[in-house]
Amino acid sequence: MKNIKSDPRIVARRGINSLSSKVLDRLYQDYPKAITLTNLAKDLKLRDKSVQAAVRKIVNAGVPIEMSMSNDDDRAYRADPSEPISWIIKEKESAERMLDLIGESPLNGNEDANKKKNINYRIYEEYVETLNELFDRWTSLRLLEQLESGEESE
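Residues numbered from 1 in each chain as written. Predicted model: local features only at pLDDT ≥ 70, side-chain atom pairs only at ≥ 80, totals over all residues. Heavy atoms only, no water.

Digging into the nonpolar core
No. 1: Counting 17 residues, the largest nonpolar core has Val-23, Leu-27, Leu-40, Val-51, Ile-58 and Tyr-77 as its most contacted members.
No. 2: Looking at this core, the elements with two or more residues in it are α2 (18–30), α3 (37–44), α4 (48–60) and β3 (75–79).
No. 3: Per-element tally for this core: the top contributor is α4, with 4 residues.
No. 4: Setting aside chain neighbours within four positions, we find Val-23 in contact with Leu-40, Leu-44, Val-51, Ala-54, Val-55 and Ile-58. (Core = buried A, V, L, I, M, F, W, Y, C linked by side-chain atoms within 4.5 Å. Buried < 20%, exposed > 50% of the residue type's maximum accessible area, 1.4 Å probe, protein only. Helix = DSSP H or I, 4+ residues; strand = E, 2+ residues; numbered from the N terminus. Contact = heavy atoms within 4.5 Å.)

Right under this line is the structure:
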């Protein structure tokens, strides 16, 4: 399974375009500081409208990002510390949906094809189980709660 993209900022944020990935990466690097749209565009060597379009795509994709107005009425953006985890949550939801789709797919009488469907089902079933165990562990350790509230981890 070859992945053509090699920029880790893009690969880490699979499912979003490269410009939006770069915006998110820049915001996360500067967290907890907010960056104005103008400064963000300047840092990334882009036009303001391009950055605005990227932010719109980020929001439409359901990726957490904080927006506010700066003192000079310029929009300011700040990373949400839960953004990296949001990708894991999206992956978990995607895997659960794929498991359902594979499970609903009827066997078709072709022994080889049915065997492969069953293998795919088992792989996704174990993957979802592992992700659920991981989320249970994070919940019991209150890691996600601490991330949202800003508490120190133990």
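Points about the packing of α2 against α4
No. 1: Across the interface, α2 lies against α4 with an axial gap of 9 Å and an inter-helix angle of 90°. Classed by the angle they form, the pair α2 and α4 counts as roughly perpendicular. Contacts between α2 and α4 involve Leu-19, Ser-20, Val-23 and Leu-24 on the former and, on the latter, Ser-50, Val-51, Ala-54, Val-55, Lys-57 and Ile-58.
No. 2: Of the residues assigned to the contact of α2 with α4, the class counts are 7 nonpolar, 2 polar and 1 charged. (Axes fitted to C-alpha atoms, helices over the stretch in contact; angles between N-to-C directions. Parallel < 35°, antiparallel > 145°, perpendicular 65-115°, else oblique. Nonpolar A, V, L, I, M, F, W, Y, C, P; charged D, E, K, R; others polar.)

Notes on α2
Given 3.6 residues to a turn, an α-helix orients residues that are three or four positions apart in the same direction.
No. 1: Taking 1.5 Å per residue, 13 residues should reach 18 Å; α2 reaches 19 Å between its end C-alpha atoms and fits that length.
No. 2: Among the residues of α2, Ser-20, Ser-21, Val-23, Leu-24, Asp-25, Arg-26, Leu-27 and Asp-30 are the ones counted as buried.
No. 3: For α2, the N-terminal cap is Asn-17; the gap from its side-chain oxygen to the backbone nitrogen of Leu-19 is 3.3 Å. (Expected span 1.5 Å × (residues − 1). Polar contact = N/O pair within 3.5 Å; in protein donor to acceptor, adjacent residues only side chain to side chain.)

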